[in-house]
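Remarks on the overall topology
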Amino acid sequence: QRFERFRVYNSFIYFLNHLKKHRFPSTQGGTMSSKKLYNKDLAPTPSNKKNWGWFEIFNVWANDVQSLFGYTLAASLFIASGLNGWAVFLALILAGFFIMWLVNLSGKPSVKHGIPYPVFARVSMGVFGANFPAMARGLVAMFWYGAQTYAASTAVALLITALTGNPGTEMFLGMTGVMWVAFIFVSAFQVYLFWQGIDLVRKFLNFAGPAVYVVMILLMITIWAKVGGGLLSEVGTIFSSGERSGGFEGLGSFGAFLAVFSIMVGYFAAVVINFGDFARFVKNEDEMKKGNLYGLVGNVIFFSFITLMITGGSIALFGEYIAQPTDMVAKVDNTLLTIVAAFAFFAATVGINMVANFIPPAYDLANLMPSKINFRTGGLITAGFGFVIGALWVSVITKMGMFPFVNTLGAILAPVFGIMITDYYIVKKQKLDVKALFKDGKGKYWYNDGFNYKGMLAWVLSGYVAIGSVWPSILPGGVGNFFANLGGGGGYAWIIGAALGAIVHLAISSASKK
């Protein structure tokens, strides 16, 4: 077994050397020019530019928690888990506290040193090896960007239909003409917003956060008033009377509770790993922690309660589960509410796209080729890729199901989080040389010609198992059967991936020291 592990490790190193030879040609003397590692967008944030307080972080989370897709996911968990509604509510709150702990860990080094996620990844992966997890994060964000762009376009389509009375007819890729007009408008608006600079984005986020809550509260009150005052006591049993579905089949109550918890963590996986992109602008660690507590946990509690009430109330009122808030608003049949809701849903969903899915891949792409790709160029590439994903959302991507989609994306990123955190806090003991992160051909993060094989091998192995927990058929017999019988639709993927990434990286790093 020891020989087999040695053979696998050597094969992996040979593959990386082959890839490096063709992807990263050496300059004279076998080193790379520093411009491949540095530009102004990746440079550490100077102290005089660290002007974010807890309120700015609060707004980041306010816009990240609330969105049409986020509501649909939370509502689906209430339905599919077959648990008492209050039990699901508790699982979502615990997930909020757990995510807060994770982002406090990932944000601390960025607050201290002012570096974004792609640069921090160089500590554990090497100055060039970090390109792989950075681009994985970027690709995940691009997928989410397309999904959220489609979601925002449903709000615009709702508004067009309310004003014209024309829902449109299906034209192409499962979308109507009205949907295509709405989708193209939202795509163009987001590029415009991004192109105007971070100040306009910040102002837009400050508006979008409160706006969606006003509408969701109005919607909740409207439904609650129509259902009656007994909704608060009945809402728990409304869900537990149904059968488990969506991968929850065969799970006991505790298993379903844990799956709800893990799926919600997986939903935030992308922001958890690159939280440093925002934390780098925060004044100090205390401000970051306060912002995470008030903004993340507070919004999760409030948003989950509203989702619980609206979802349960819609079942009691209409006799059916309505996944999309836009469809629910249409059923309430109030023109004024429809118009206001359409604007608010649009603003909130565009807000989360800016926070979670537009800015991070722009940094990741800039990290890939700093001399050729800046922040704006990276944003345009993101917009183009996201447009394709959003256009294919109805006809292709939704066929795989919401939970597997969320869990797969989480499984890709989870090991990277475990590796980075273990490497920084345990292996490196929180010691970091910022200048070495931008050095070519030398320095402690140069490792093997810019690649840390130990960290990358840990990611490949643990990522393979984590993705296999969602799609057991890709794993060898006994392991695949274990995850197939585990149930939960891959809901445990994030926890499995993060834990394995941490354990495998620590084991490989410890073994290499002996």
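Residues numbered from 1 in each chain as written. Predicted model: local features only at pLDDT ≥ 70, side-chain atom pairs only at ≥ 80, totals over all residues. Heavy atoms only, no water.

1. What to know about the overall build of the protein chain
Per the secondary structure count, the protein chain includes 20 helices and 2 strands. Among the 514 residues that make up the protein chain, the fraction classed as buried is 57%. A separation of at least 24 residues holds for 84% of the contacts in the protein chain among residues at least 6 apart in sequence. On the protein chain, roughly 20400 Å² of surface is accessible, and the fraction owed to carbon and sulfur atoms is 64%. (Helix = DSSP H or I, 4+ residues; strand = E, 2+ residues; numbered from the N terminus. Buried < 20%, exposed > 50% of the residue type's maximum accessible area, 1.4 Å probe, protein only. Contact = heavy atoms within 4.5 Å. Areas by Shrake-Rupley, 256 points an atom, 1.4 Å probe, with all protein chains shown as cover.)

2. Digging into empty space enclosed by the protein
Taken as a whole, this structure holds 2 cavities of 30 Å³ or more when the rule is applied. Along its surface, the largest cavity is lined by Asp64, Trp144, Gln148, Tyr267, Phe268, Ala270, Val271, Ile352, Ala356 and Asn357. At the level of elements, helix H6 (131-164), helix H11 (269-273) and helix H15 (335-368) are the ones that each hand at least two residues to the lining of the largest cavity. Considering each element in turn, the lining of the largest cavity owes the most residues, 3 residues, to H15. When its residues are assigned to classes, the lining of the largest cavity shows 7 nonpolar, 2 polar and 1 charged. Here the second largest cavity is characterised by a volume of approximately 30 Å³. Contributing to the lining of the second largest cavity are Ser67, Leu68, Tyr71, Val212, Met216, Phe303, Pro325 and Phe345. Listing elements by their share of the lining of the second largest cavity, those giving two or more residues are helix H3 (68-80) and helix H8 (198-227). Class assignment for the residues of the lining of the second largest cavity results in 7 nonpolar, 1 polar and no charged. (1 Å grid on protein atoms, 1.4 Å probe; cavity = no way out; pocket = protein on both sides within 12 Å on 5 of 7 lines; lining within 4 Å. Points joined across faces, edges and corners; volume = space filled by probe spheres on them. Nonpolar A, V, L, I, M, F, W, Y, C, P; charged D, E, K, R; others polar.)

3. Concerning the packing of H3 against helix H13 (residues 285-318)
Remark: H3 packs on H13, axes separated minimally by 10 Å, with the N-to-C direction vectors making an angle of 60°. What the angle tells us is that H3 and H13 run oblique. H3 and H13 meet at a crossing whose hand is right-handed. Contacts between H3 and H13 involve Gly70, Tyr71, Ala74, Ala75, Phe78 and Ile79 from the first element and Phe303, Ser304, Thr307, Leu308, Ile310, Thr311 and Ile315 from the second. The residue inventory of the contact of H3 with H13, partitioned by class, reads 9 nonpolar, 4 polar and no charged. (Axes fitted to C-alpha atoms, helices over the stretch in contact; angles between N-to-C directions. Parallel < 35°, antiparallel > 145°, perpendicular 65-115°, else oblique. Left-handed = near helix turned anticlockwise from the far one by under 90°.)

4. Examining helix H5 (residues 117-125)
Of all 9 residues in H5, 9 are buried; the element is thus mostly enclosed. Those residues of H5 that sit buried are Tyr117, Pro118, Val119, Phe120, Ala121, Arg122, Val123, Ser124 and Met125. Where H5 terminates, the next one or two residues include glycine 126, which has phi positive at roughly 95°.

5. Considering the pattern of salt bridges
Side-chain pairs of opposite charge can arise whenever the charged atoms involved come near each other. In the structure shown here, the tally under the stated rule is 3 salt bridges. Residue lysine 289 pairs with glutamate 285 through a salt bridge whose shortest N-O separation is 3.4 Å. With lysine 289 and glutamate 285 both in helix H13 and 4 residues apart, this pair spans about one turn of that helix. By relative accessible area, which is 38% here, lysine 289 ends up partly exposed. (Salt bridge = Lys/Arg side-chain N within 4 Å of Asp/Glu carboxyl O.)

6. Examining the confidence of the model for the protein chain
Put simply, the protein chain has an average pLDDT of 81, and 88% of its residues get 70 or more. Helix H1 (residues 2-23) is the least confidently modelled element of the protein chain, averaging 42 in pLDDT, while helix H4 (residues 85-113) averages 94, the highest of any element. Within the model, the stretch residues 1-16 combines pLDDT values under 50 with 10 contacts to residues more than four positions away or in other chains. Note that pLDDT drops below 50 for residues 18-33; the model gives that stretch 22 contacts with residues more than four away or on any other chain. (pLDDT = per-residue confidence, 0-100.)

7. Some thoughts on unusual backbone geometry
One non-glycine residue, leucine 173, lies in the positive phi region at around 55°. Mapped onto the fold, leucine 173 is located in the loop between strand E1 (170-172) and strand E2 (175-176). At lysine 429, a position not held by glycine, the phi torsion is positive, near 55°. Positionally, lysine 429 belongs in the loop between helix H17 (402-427) and helix H18 (453-470).

8. Digging into the packing of H6 against helix H7 (residues 177-195)
The interhelical angle for the contact between H6 and H7, taken along N-to-C directions, is 120°, at an axis separation of 8 Å. When the axis of H6 is compared with that of H7, the two are oblique. Considering the relative orientation of H6 and H7, their crossing is right-handed. Across the interface between the two elements, Tyr145, Thr149, Tyr150, Ala152, Ser153, Thr154, Val156, Ala157, Ile160 and Thr161 from H6 touch Val178, Met179, Val181, Ala182, Phe183, Phe185, Val186, Ser187 and Gln190 from H7.

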